[in-house]
Amino acid sequence: MPPRTTHTGPDEVLRRLDLAVAHRLDGLLHGEYQGLVPGHGAELGETRAYQAGDDVRRIDWNVTARMQDPHVRDTIADRELETWALVDLGPSMDFGTANCEKRDLAVSAAAAVGFLTARTGNRFGALLATAHGAEVVPARNGRRHLLSALHRIVTEPRAEAGTGAPHLGDALGRLSVTARRRGLVAVISDFLEPPESWARPLRRLTTRHETVVVEVIDPRELSLPDVGILQLTDAATGRTREVRTGSKKLRDRYERAATAQRAAITDAVRAAGADHLVLRTDRDWLLDIVRFVADRRSRVHARRAGWGAR
């Protein structure tokens, strides 16, 4: 369970997150140097046959002409990585009905990204998307700066109900301009805005950076329990509405709409070419991150093994 930002001081929150990441996640990074997600490098490596899904910009046209088949040239992973975390801290993130709030998960995900990529020379920056606009914490190296950036995320004041929601598309556009150096970007949000409002700027971001989308979900956003008359409040607008949850027809309609919404998010993330990690307030976020990183690593290693066997 992530530490609750509402009941724990920011220094204690960061201490617990540091220990959790160091004890349960950091072991995945031992061995060959890689970041949370293996990124592109600047140093040219070997060529190999083109496979579906490869970046066409890495096609080696000289080798392609000589071999009469498309070939791409791999790059060697940079040892110096610039990592950015875009963290949605809008009012909808201050919600949770299980082990924690979505905001707690967002803070934990940003801390995991920061601690896992905090190696010698690596830089970490953050963009806080709030109802009042975007705030940038410049990317710098060093553990002191990392802790300072995470402290800023933890201590961001909660928005009052009715103050509006962050514009995720604008925040992604701001990050595209701010993160000039190719690196790793983690976009952490509940993605409740329509995909058409953020899909295009996300796609622009993935053309330059290795991008991980971290979708934060609470189970009540997927289905409603039968608890009689329930009063719901829209965190962004402050409007309230009474819902008769005893109606099975209403609950089924709600679940279908929620399923369609999450499917649209998944499709938009996949179309943008980003990796997709889902964290839920009713699950162990550390185990979900472990599975995600391990799966990503195994896919990369399997693909490289397949290239070597050619």
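Please read all numbers here as calculations on a predicted model, not as lab measurements. (Residues numbered from 1 in each chain as written. Predicted model: local features only at pLDDT ≥ 70, side-chain atom pairs only at ≥ 80, totals over all residues. Heavy atoms only, no water.)

For the rest of this paragraph, the subject is the overall build of the protein. A count of helices and strands for the protein gives eight helices and 10 strands. The burial tally for the protein puts 44% of its 310 residues in the buried class. Across the protein, the fraction of contacts at a sequence separation of at least 24, relative to all contacts at a separation of at least 6, is 74%. Only carbon and sulfur atoms are counted for the fraction: they give 51% of the accessible area of the protein, which is about 15700 Å². (Helix = DSSP H or I, 4+ residues; strand = E, 2+ residues; numbered from the N terminus. Buried < 20%, exposed > 50% of the residue type's maximum accessible area, 1.4 Å probe, protein only. Contact = heavy atoms within 4.5 Å. Areas by Shrake-Rupley, 256 points an atom, 1.4 Å probe, with all protein chains shown as cover.)

On to the nonpolar core, then. Among the nonpolar cores identified, the biggest contains 43 residues, and Val87, Phe124, Leu150, Ile153, Ile188, Leu279 and Trp285 are the most heavily contacted of them. Ranked by residues supplied to this core, first place goes to helix 3 (residues 102–116) with 10 residues. With residues up to four places along the chain from it excluded, the contact list for phenylalanine 124 reads Thr83, Ala85, Ala110, Val113, Gly114, Pro138, Ala139, Arg140, His145, Leu146, Ala149 and Leu150. The next biggest cluster of nonpolar side chains, apart from the first, holds 23 residues, and it includes Leu127, Ala171, Phe191 and Ile265. (Core = buried A, V, L, I, M, F, W, Y, C linked by side-chain atoms within 4.5 Å.)

Examined bridge by bridge, strand 4 (residues 123–130) and strand 5 (residues 133–141) share seven bridges and lie antiparallel to one another. Following the sheet pairing, alanine 126 is matched in strand 5 by valine 137. Hairpin connection from strand 4 to strand 5: two residues lie between these consecutive antiparallel strands. (Pairing = 2+ DSSP bridges.)

Glancing now at the sheet that holds strand 3 (residues 82–88). Taken in spatial order, the six strands line up as 5-4-3-6-7-10 in an open sheet, and their pairing is mixed. The strands lining the two open edges of the sheet, one partner per strand, are strand 5 and strand 10 (275–280). Pairs of neighbouring strands in the sheet enclose a mean axial angle of 15 degrees, with direction left out of account. Across seven bridges, the pairing between strand 3 and strand 4 is parallel. (Axes fitted to C-alpha atoms, helices over the stretch in contact; angles between N-to-C directions.)

What follows covers unusual backbone geometry. Even without being a glycine, glutamine 68 presents a positive backbone phi close to 65 degrees. Among the secondary structure elements, glutamine 68 is positioned in the loop between helix 2 (61–67) and strand 2 (71–76). Classification of glutamine 68 as exposed rests on a relative accessible area of 64%.

The contact between helix 5 (residues 168–178) and helix 6 (residues 199–206) brings their axes to 8 Å, and the two run at 20 degrees. Compared by their axis directions, helix 5 and helix 6 come out roughly parallel. As helix 5 packs across helix 6, the resulting crossing turns out to be left-handed. Contact residues: Gly169, Leu172, Gly173, Leu175 and Ser176 in helix 5; Pro201, Leu202 and Leu205 in helix 6. A class-by-class count of the residues in the contact of helix 5 with helix 6 yields five nonpolar, three polar and no charged. (Parallel < 35°, antiparallel > 145°, perpendicular 65-115°, else oblique. Left-handed = near helix turned anticlockwise from the far one by under 90°. Nonpolar A, V, L, I, M, F, W, Y, C, P; charged D, E, K, R; others polar.)

The end-to-end C-alpha distance of helix 4 (residues 143–154) is 16 Å, a good match for the 16 Å that 12 residues give at a rise of 1.5 Å each. Buried within helix 4 are the following residues: His145, Leu146, Ala149, Leu150, Ile153 and Val154. (Expected span 1.5 Å × (residues − 1).)

All chains considered together, the criterion is met by 19 salt bridges. Here arginine 123 ties to glutamate 82 by a salt bridge, and the two come within 3.2 Å at their closest N and O atoms. Here arginine 123 is found in strand 4, whereas its partner glutamate 82 is found in strand 3, with 41 residues between them in sequence. Under the relative-accessibility criterion, arginine 123 is labelled buried at 14%. The partner of glutamate 101 in a salt bridge is arginine 158, and the shortest N-O contact between them spans 2.8 Å. Linking glutamate 101 in the loop between strand 3 and helix 3 with arginine 158 in the loop between helix 4 and helix 5, this pair joins segments that are 57 residues apart in sequence. Looking at glutamate 101, the relative accessible area reads 15%, which means it is buried. Residues joined by salt bridges that share partners form a network here, namely Lys102, Asp190, Glu215, Glu221 and Arg262. (Salt bridge = Lys/Arg side-chain N within 4 Å of Asp/Glu carboxyl O.)

Let us look at helix 7 (residues 248–272). Side chains three or four residues apart in an α-helix point the same way, a direct result of the helix having 3.6 residues per turn. Over its 25 residues, helix 7 extends 36 Å from the first C-alpha to the last, a length consistent with the 36 Å expected when each residue adds 1.5 Å. The set of residues buried in helix 7 consists of Arg251, Ala258, Arg262, Ile265, Ala268, Val269 and Ala272. Residues of helix 7 that are buried in the fold lie against helix 6, strand 7 (210–217) and strand 10. Residue glycine 273 follows helix 7 closely and has a positive phi angle near 85 degrees.

With that settled, consider the packing of helix 3 against helix 4. Interaxial distance between helix 3 and helix 4 falls to 10 Å at its minimum, and their mutual angle equals 170 degrees. Considering the angle they form, helix 3 stands roughly antiparallel to helix 4. Each of Arg103, Val107, Ala110, Ala111, Gly114 and Phe115 in helix 3 lies in contact with helix 4, whose residues at this interface are Arg143, Leu146, Leu147, Leu150, Ile153 and Val154. Taken together, the residues of the contact of helix 3 with helix 4 break down into nine nonpolar, one polar and two charged.

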